[in-house]
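Here is what each chain is made of, one letter per residue.
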Amino acid sequence: YYLLHNFSVLLDEEKMGEGLLLRDITKEEEIDTLKNNLISLASHEFKTPITTIKGSVETLLRSEVEWEPEFKQELLEGVHEDIERIQHLINDWLDISKIDSGAMNVEPNTIRADHVIELSMESIPKTLKHDAILEFNNYVEEGFTFYADKMRVQQVLINLITNAIRYNDSNRKKVDITLDKENGYTTISVADNGIGISKDHLEKIFNLFYQVDLTATRRTGGTGLGLAICAGIMEAHEGRIKVVSEPGMGSKFIIYFPDRKGEDLI
Ligand code: ADP
């Protein structure tokens, strides 16, 4: 059973939608909306790939037909893609329930910042990466480490980089990933030259299921879970996530990891 956490963003008055993430108290009536969203998610996001998988497997099982190897390969690749999609969705769903029950535990370690960023960049699917230029700008010293859960940091970065490519109509899609330090935090920002987000939407994009443009995101296969999970992961790190965006110009998401406290250090 889910409880809805509503994430809200504090807006900087003078600037276009710059904000720090805060967490609101759960509202009872919002649970109904959440339930409806889950039902609609299940019907859209599960039913379609399962129906396609069923159709492909039934085709391949028709022993009376001698299928061309290329055709078989194509069907199997489609099945594989659909299964990955469902798997991804289930993992996201489990993460959301962990965040909601306060059980999103992270296992931080001292990790190499450049390694985790490079690994994340390499993990972006080729189909997405092929029409974008990903650049890593490193403003810290060689071998710089910070204290975080490596897998979870990768998950956040992959989510942010994927969004940076997907919500971008430009012919020259550019994603700048920048590593830096700022007032007791390690910061990693993911900046794009994409469609941007207007101020009224900016307040809500970290909310569970929130999507700015349903038609466009349906096309790109979004669910509105990604940023809520990113926010939950950053909260579990006692860090924060911030967004700066201007419609038509692009967006920049910045994640902050607090430096390890003195007493924790050996
Ligand atoms: P999803 O991408 O699955 O829809 P997310 O939680 O990752 O869900 O994002 C929520 C919404 O925020 C997206 O649907 C999109 O409208 C908007 N958004 C996220 N990242 C960007 C970005 N880099 N540029 C423009 N819009 C974005």
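Scroll up to find the structure.
Residues numbered from 1 in each chain as written. Predicted model: local features only at pLDDT ≥ 70, side-chain atom pairs only at ≥ 80, totals over all residues. Heavy atoms only, no water.

Colleague: Got a minute to help me understand the overall build of the protein in this structure?
Modeller: Each helix and strand counted, the protein has 8 helices and 9 strands in total. By the burial criterion, 42% of the 266 residues in the protein qualify as buried. When contacts within the protein are restricted to residue pairs at least 6 apart in sequence, long-range pairs at least 24 apart make up 70% of them. In the structure as shown, the protein presents an accessible area of about 15,200 Å², 52% of it carried by carbon and sulfur atoms. (Helix = DSSP H or I, 4+ residues; strand = E, 2+ residues; numbered from the N terminus. Buried < 20%, exposed > 50% of the residue type's maximum accessible area, 1.4 Å probe, protein only. Contact = heavy atoms within 4.5 Å. Areas by Shrake-Rupley, 256 points an atom, 1.4 Å probe, with all protein chains shown as cover.)

Colleague: I'm lost on the site of the ligand in this one. Help?
Modeller: Around the ligand, the structure places 21 residues, and the nearest of them are Tyr167, Asp192, Gln211, Thr223 and Leu227. Separating a nitrogen atom of the ligand from a side-chain N or O atom of aspartate 192 is a distance of 2.9 Å. Contact with the protein chains hides 97% of the accessible area of the ligand, taken as 530 Å² for the molecule alone. Secondary-structure elements contributing two or more residues to the shell around the ligand are α5 (150-166), α8 (226-236) and β9 (250-258). With 3 residues, the top contributor of residues to the shell around the ligand is α5. (Near = heavy atom within 4 Å. Polar contact = N/O pair within 3.5 Å; in protein donor to acceptor, adjacent residues only side chain to side chain.)

Colleague: What exactly am I supposed to notice about helix α3 (residues 113-122) here?
Modeller: Count 3.6 residues to each turn of an α-helix, and residues three or four apart come out pointing the same way. Within α3 the residues assigned to the buried category are Ala113, Asp114, Val116, Ile117, Ser120 and Met121. Each buried residue of α3 lies within a common arc of 165 degrees when the element is viewed along its axis, so the set occupies one face. (Arc of directions from axis to C-beta.)

Colleague: For this particular structure, what's the right way to read the packing of aromatic side chains?
Modeller: If you walk through the whole model with that rule in mind, you get 5 aromatic pairs. Plain terms: the ring middles of tyrosine 185 and tyrosine 256 are 5.8 Å apart, the flat faces sit at 90 degrees to each other, and that makes the pair edge-to-face. Note that tyrosine 185 is positioned in strand β7 (residues 185-192) and tyrosine 256 in strand β9, a separation of 71 residues in sequence. Note that arginine 260 overlies the ring of tyrosine 147, its terminal NZ or CZ placed 3.9 Å from the centroid. (Phe/Tyr/Trp six-rings, centres within 6.5 Å; stacked < 30°, edge-to-face > 60°. Lys NZ or Arg CZ within 6 Å of the ring centre and 35° of its normal.)

Colleague: Quick question: what am I supposed to make of the pairing of β9 here?
Modeller: Here is the key point about a regular strand: its side chains alternate between the two faces of the sheet. Across the 9 residues that make up β9, a large majority, 7, are buried. Across 7 bridges, β7 lies against β9 in antiparallel orientation. Of the residues in β9, the one forming a bridge with valine 190 is phenylalanine 253. Of the pairings in the sheet, the one linking strand β8 (residues 240-246) to β9 comprises 7 bridges and is antiparallel in character. When the bridges of β9 are listed, isoleucine 241 appears paired with isoleucine 255. Two successive antiparallel strands, β8 and β9, enclose a turn made up of 3 residues, where glycine 248 displays a positive phi of approximately 80 degrees. (Pairing = 2+ DSSP bridges.)

Colleague: I tried to follow the layout of surface pockets on my own but got confused; where do I start?
Modeller: Put simply, the second largest pocket is a space of about 200 Å³. Class assignment of the residues belonging to the lining of the second largest pocket gives a composition of 5 nonpolar, 1 polar and 5 charged. (1 Å grid on protein atoms, 1.4 Å probe; cavity = no way out; pocket = protein on both sides within 12 Å on 5 of 7 lines; lining within 4 Å. Points joined across faces, edges and corners; volume = space filled by probe spheres on them. Nonpolar A, V, L, I, M, F, W, Y, C, P; charged D, E, K, R; others polar.)

Colleague: Quick question: what am I supposed to make of the packing of α3 against α5 here?
Modeller: Two packed helices can be described by the angle between their axes and the distance between those axes. In contact at an axis separation of 9 Å, α3 and α5 are set at 50 degrees when each is read in the N-to-C sense. Judged by the angle between their axes, α3 and α5 are oblique. The handedness of the crossing between α3 and α5 comes out as right-handed. Residue-level inspection shows Val116, Ile117, Leu119, Ser120 and Met121 of α3 in contact with α5, the latter providing Lys150, Val153, Gln154, Leu157, Ile158 and Ile161. (Axes fitted to C-alpha atoms, helices over the stretch in contact; angles between N-to-C directions. Parallel < 35°, antiparallel > 145°, perpendicular 65-115°, else oblique. Left-handed = near helix turned anticlockwise from the far one by under 90°.)

Colleague: Looking at this structure, I do not really get α5. What am I missing?
Modeller: Its 17 residues give α5 an end-to-end C-alpha distance of 24 Å, which sits within 8% of 24 Å, the value for a rise of 1.5 Å per residue. Of all 17 residues that make up α5, 13 are buried, and the element is covered over most of its length. The opening residue of α5 is aspartate 149, an N-cap whose side-chain oxygen sits 3.3 Å from the backbone nitrogen of methionine 151. (Expected span 1.5 Å × (residues − 1).)

Colleague: What should I look at first to understand the nonpolar core in this one?
Modeller: If you look at soluble globular proteins, the nonpolar side chains tend to sit buried side by side. Counting 55 residues, the largest nonpolar core has Phe146 and Ile188 as its most contacted members. In contact with isoleucine 188, other than residues within four places in its own chain, are Ile117, Phe146, Val153, Leu157, Ile177, Thr178, Leu179, Phe253, Ile254, Ile255 and Phe257. (Core = buried A, V, L, I, M, F, W, Y, C linked by side-chain atoms within 4.5 Å.)

Colleague: Hey, could you run me through the packing of α5 against α8 in this one?
Modeller: Across the interface, α5 lies against α8 with an axial gap of 10 Å and an inter-helix angle of 145 degrees. In this structure, α5 crosses over α8, and the sense of that crossing is left-handed. Facing α5, whose interface residues are Arg152, Gln155, Val156, Asn159, Leu160 and Asn163, α8 presents Gly226, Leu227, Ile229, Cys230 and Ile233. The residue makeup of the contact of α5 with α8, split by class, is 6 nonpolar, 4 polar and 1 charged.

Colleague: Is there a simple way to think about the environment of lysine 174 in this case?
Modeller: Following the sequence through the fold, lysine 174 ends up in strand β6 (residues 173-182). In this view, lysine 174 contacts Ile133, Glu135, Asn168, Ala191, Asp192 and Asn193; residues no more than four positions away in its chain are not counted. One polar contact links lysine 174 to aspartate 176, side chain to side chain, over a distance of 3.0 Å.

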